[in-house]
Structure formats: structure tokens, C-alpha cells
Amino acid sequence: MHKSRIVLSDKIRRKVAPLLADRLADAIDLSLQLKQAHWNVKGPHFIALHELFDSVHAVVVAKVDMLAERLTTLGGTAEGTLQAVGKRSSLPGYPIKMTRGEDHLEAVAAVLAVFGGLTRLAIDICDEAGDKVTLTINPLRDGRTGGLFLNVALHRKSTRLNS
């Protein structure tokens, strides 16, 4: 850990910084998975999904920067290279060969759910550790991510009705 003039104790910084490094890797991985879906989606709902994936990506990328800056403020090192992210990310890999919009929607919703769970756990740990600032950086606090889950739910409902 680097020296920091932040008023948090060394104990808190040493607990929160590695956690932030893990969530940073997850957020970078998530941003790449969203772009994978955005670039490769096909089908009758192409434009709606294409724009949805891009809009959620924009939210995640903004939070990536906030996570990285908070990590370095705490005295950690923001490891944003592809190699570091690949080693550190806790997210499942994205299925590369998909093209159907419905498949991308399901895959993105699934990875967002995993990311959301990891984020909620990190928020709880930051709260328990006494770092009130870090716990406010919630990468899923934007309403556009909720739209993705709504689209998945509506798609599932319409698929059941048409069966």
C-alpha cells in the first residue's frame, strides 16, 4: 500500500483497498462484456438492445473511474490492464459466439446479477469497516441497469405467452 493522507486508519484502508481492487476488475470485465453484447447483438430487437447495452456500459465505465480513483486515494494500485483484470475478475466469462438478442439479454442480465451481488457484499464490508465514503460508490445505482432486468422479465413473459 502506498502512503495516503486520507483520514481513515491503516487498518480500514488495508481491508477496503483489496476489496476495491477486486470490484474494479469486475467492473472493467463487466464493461467489456457489455461491449461484447453491444457489438454482436442481432435480431428483431437489435436497436433497442444495442442502445440499452451501450447505455448500461456508459454507467459502468463512469463507475470504473470512480472505483479506481478511490482505490488509489486509499493507497492501493488500480490495476486496469487486461491481464490484471483477467486474473482478478470474479465474473463468469461471456459466451462469445452468441448473436441472438434474447441470448445476449439473458447473458448480460446474468452477469449483472453476479456483479450486483458482489457489489452489495462490498458495500456491507465497507460499512462494517467504517469507510462511509467508499460504500457510496455503487456501480449499479443508476436506473439504466434496472431497464435491463425489466427487458429480460418482459421477454420471458412474452415467450411464455407465445408458447
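Residues numbered from 1 in each chain as written. Predicted model: local features only at pLDDT ≥ 70, side-chain atom pairs only at ≥ 80, totals over all residues. Heavy atoms only, no water.

For the protein chain, the count of helices and strands is five helices and zero strands. Reading the helices (α) and strands (β) of the protein chain from amino to carboxyl end gives α-α-α-α-α. In the protein chain, which comprises 163 residues, the proportion classed as buried is 46%. Put simply, 79% of the contacts in the protein chain that link residues at least 6 apart link residues at least 24 apart. (Helix = DSSP H or I, 4+ residues; strand = E, 2+ residues; numbered from the N terminus. Buried < 20%, exposed > 50% of the residue type's maximum accessible area, 1.4 Å probe, protein only. Contact = heavy atoms within 4.5 Å.)

On to the packing of helix α2 (residues 46-73) against helix α4 (residues 101-129). At their nearest, the axes of α2 and α4 sit 11 Å apart, and the two run at 20 degrees to each other. Classified by the interaxial angle, the pair formed by α2 and α4 is roughly parallel. In this structure, the crossing between α2 and α4 has a hand that is left-handed. Facing Leu49, Leu52, Phe53 and Val56 of α2, the residues of α4 in contact are Gly101, His104, Leu105, Val108 and Leu112. (Axes fitted to C-alpha atoms, helices over the stretch in contact; angles between N-to-C directions. Parallel < 35°, antiparallel > 145°, perpendicular 65-115°, else oblique. Left-handed = near helix turned anticlockwise from the far one by under 90°.)

What follows concerns the nonpolar core. Nonpolar side chains in soluble globular proteins tend to be buried together. If you look at the biggest cluster of nonpolar residues, it comprises 39 residues, and the most contacted ones within it are Val16, Leu24, Leu30, Phe53, Val60 and Val108. For this core, the elements supplying multiple residues, two or more each, are α1 (10-40), α2 and α4. Element by element, the count of residues in this core is highest for α1, at 12 residues. (Core = buried A, V, L, I, M, F, W, Y, C linked by side-chain atoms within 4.5 Å.)

Position of threonine 77 among the secondary structure elements: in the loop between α2 and α3 (82-88). We classify threonine 77 as partly exposed; its relative accessible area is 43%. For the pair threonine 77 and alanine 17, spaced 60 residues apart in sequence, the C-alpha to C-alpha distance is 8.5 Å. Dropping the residues within four chain positions of it, threonine 77 is found in contact with His2 and Leu71.

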